[in-house]
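Below, each chain spelled out in residue letters.
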Amino acid sequence: MKVPLPLMLLVLAGCAATPTSTTDTPQSIALNFPVAEIRLGDAMQLTATVLNASQVAVPAAKVEWSIDQPAIASISATGFLVALAPGTVVVTARSGGVSATRSLIIRPTQPAAINILPETASLHVSERRSLVADVRAADGYQLVNASVFWSVDRIDVATIDHDGNLSGVATGVVTVTASIGGIVATRQLTVLPATVARVSIIGGNRTVGVGASYQYGAEVYSTFQRVIPGAAVNWSSSNPTVASVTSNGLVTAVGGGTTTITAANSGVMATVTVGVPFTPVGTSTPLRGLVYFRQVGNSTTIEAITEDGDQLLSTPLSTPATIPTFAPRPTLSLSPDGTVIAYDCGTRICKFQVATGVSTPYAVTDVGEPTWLPGGSELLLRGNYSSVVWYNPATGASRTRRAPFYVERPRLSPLNEDVIYQCDFTHLYEDLFSLCRIDANGVETLYKSMAGAFAWAPDGRVVAYLRYLNYDGFTGDDPTQIRLAIEAYQTNGDPSAPSPVEFAGFGDVSEMVWSPDGQKLALVRNGQLWIYSAPNMTNPLHFDGIPGTIWSVNWR
């Protein structure tokens, strides 16, 4: 059938495609490069804006990136370009049938010159100065991140680290070298003497017993507040009859008194005071303070110091305090009048006369661990590890209370006839992890299980002791499982009785003793003496300047 022409035209008109909106049709691309040239190894982000006929950005237009020489530069799908080799590349961006290109120059980064900054000619001993290497390419471009190797020709004059920090060591001339890729720069500097600003003595004020020594050290600081390497000091003593000092700072006590030890360099000085106690021989002055044994090697001395650390007595024992392998270390006790020190000497008790410095044994035997009782007429002793003995040195009379358990370190209450001692009540025939009590009638009871070293307060109302959280037998004690406890001995309903307190961190304590006023507690920790304010265990004072090992502290 033949179709009429008007109808055919109508059908063709109905089949025509709908035209695309000109606002979404890319007509051009604007390339955005931060710079026109970059250096080898650099990278940058390129962007492209796709525009329509109205020079308005086409939203969400997809851009394809390419580069004409991939060996010179690479480009990612997002336009991130990395320079791979020197040369010129053409970057192309395409979108919707339109494209744009731009050339980019990649320049070499080979160093061509290097210069050391700052242009200084000298520095001082102990001075530290930061040097910088200014590295340039052949076209003068500064290679900021260039890796430079630093060195000096004389490390005895100056040293330099990998960052270019130069430090003066000694006077002299030194050549500094900076190099990179075969390019070298040098600078010669003169290291000048340091100006001494201060001298510091390492050790502080000390009390040293006659015949004993103490090694001091010194540091010399420059105006740059740095230690001058190898700087020596001249040592001197203001009173060599009290203490002498060697050229390397070793002080030796000679006689009683006080002297000033000086360390000097270039007119700048530092001083410390050294006190040497007068030997209390031939004096009837009562001894007051902390009295203890001190052992260095095989030498044992009886010493006494004040609470402030001033030494009152330091004398070797003429009748040594021996240390049996099966027993605790010897015990000493200063008499209430401060004139006699009773101490263990083998299986006997010896007395040290403060006024004469002479030691002699008491008549009693098979006893140990003496403690003077408050009146000063009797000693409380441990009798052959199985009893408690009251002994009168003047008359030789004694009385004994037998104990069914092992006895060690018996101590009498300041208030009554109660005696507390370390015993094996909890673990029979094993370690002493209990505190036992014997009353005036000789009745023994367990006072504390899982407990160790202890001390009565002067008023007898409070006891300090070590409390063990776990029993470890002979294998040793875990310090974290030990507490220092301070509590009332017997409250008896007394509302004024102090509340019990406990402290961790005292697992290294072996002995303890209260001050005469009951305000402080002295502890032996790892063989060293400490003093704390009680009962809160604050304001610790550590006598770390006493050499050797300390034990059996007594306080009058």
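Our subject is the structure listed above.
Residues numbered from 1 in each chain as written. Predicted model: local features only at pLDDT ≥ 70, side-chain atom pairs only at ≥ 80, totals over all residues. Heavy atoms only, no water.

S.K.: Go over the overall build of the protein chain, please, and point to the residues and values.
M.R.: Scanning the protein chain from N- to C-terminus turns up 1 helix and 51 strands. Counting the 556 residues in the protein chain, one finds 44% classified as buried. Within the protein chain, counting contacts between residues at least 6 apart in sequence, those at least 24 apart form 47% of the total. (Helix = DSSP H or I, 4+ residues; strand = E, 2+ residues; numbered from the N terminus. Buried < 20%, exposed > 50% of the residue type's maximum accessible area, 1.4 Å probe, protein only. Contact = heavy atoms within 4.5 Å.)

S.K.: Just give me the short version of the nonpolar core, but keep the residues and values in it.
M.R.: In terms of nonpolar packing, the biggest core is built from 42 residues, with Trp150, Leu166, Val176, Trp235 and Val274 touching the most fellow members. With near-sequence residues (within four places) excluded, leucine 166 lies in contact with Leu123, Glu127, Arg128, Arg129, Leu131, Val152, Ala158, Thr159, Ile160, Val176 and Leu189. (Core = buried A, V, L, I, M, F, W, Y, C linked by side-chain atoms within 4.5 Å.)

S.K.: Which residues make up the side chain of threonine 92, and what values do they have?
M.R.: Structurally, threonine 92 can be placed in strand 8 (residues 87-95). Using a relative accessible area of 10% as the deciding quantity, one classes threonine 92 as buried. Not counting residues within four places of it along the chain, the set of residues in contact with threonine 92 comprises Glu64, Trp65, Ser66, Ser99, Ala100 and Thr101.

S.K.: Please give an account of the packing of aromatic side chains that cites residues and values.
M.R.: By the definition in use, this model includes 9 aromatic pairs. An angle of 70° between the planes, with centres 4.9 Å apart, marks the rings of tyrosine 214 and tyrosine 216 as edge-to-face. Ring geometry for tryptophan 530 against tyrosine 532: centres 6.1 Å apart, planes inclined by 15°, an arrangement best described as stacked. One cation-aromatic arrangement involves arginine 198 over tyrosine 221; the distance from NZ or CZ to the ring centre is 3.8 Å. (Phe/Tyr/Trp six-rings, centres within 6.5 Å; stacked < 30°, edge-to-face > 60°. Lys NZ or Arg CZ within 6 Å of the ring centre and 35° of its normal.)

S.K.: Describe the layout of surface pockets, and please don't skip the residues or the numbers.
M.R.: Unfilled space is identified by rolling a water-sized probe across the atoms. The computed volume of the largest pocket comes to approximately 790 Å³. Every element with two or more residues in the lining of the largest pocket is listed here: strand 31 (332-334), strand 35 (367-372), strand 39 (408-412), strand 43 (451-456), strand 47 (509-514) and strand 51 (549-555). Residues of the lining of the largest pocket, tallied by class, amount to 22 nonpolar, 9 polar and 5 charged. (1 Å grid on protein atoms, 1.4 Å probe; cavity = no way out; pocket = protein on both sides within 12 Å on 5 of 7 lines; lining within 4 Å. Points joined across faces, edges and corners; volume = space filled by probe spheres on them. Nonpolar A, V, L, I, M, F, W, Y, C, P; charged D, E, K, R; others polar.)

S.K.: How would you sum up the pattern of salt bridges? Please name residues and give values.
M.R.: In the structure shown here, the tally under the stated rule is 13 salt bridges. With a closest N to O distance of 3.8 Å, arginine 399 and glutamate 417 form a salt bridge. Here glutamate 417 lies in the loop between strand 39 and strand 40 (419-423) and arginine 399 lies in strand 38 (residues 398-402), a separation of 18 residues in the sequence. On the basis of relative accessibility, which here comes to 29%, the residue glutamate 417 falls in the partly exposed class. In this structure, aspartate 508 and arginine 525 form a salt bridge, with 2.8 Å as the shortest nitrogen-oxygen distance. Taken together, the residues aspartate 508 in the loop between strand 46 (501-503) and strand 47 and arginine 525 in strand 48 (residues 520-525) connect sequence positions 17 residues apart. Among the charged side chains, a network of salt bridges with common partners joins Arg399, Arg401 and Glu417. (Salt bridge = Lys/Arg side-chain N within 4 Å of Asp/Glu carboxyl O.)

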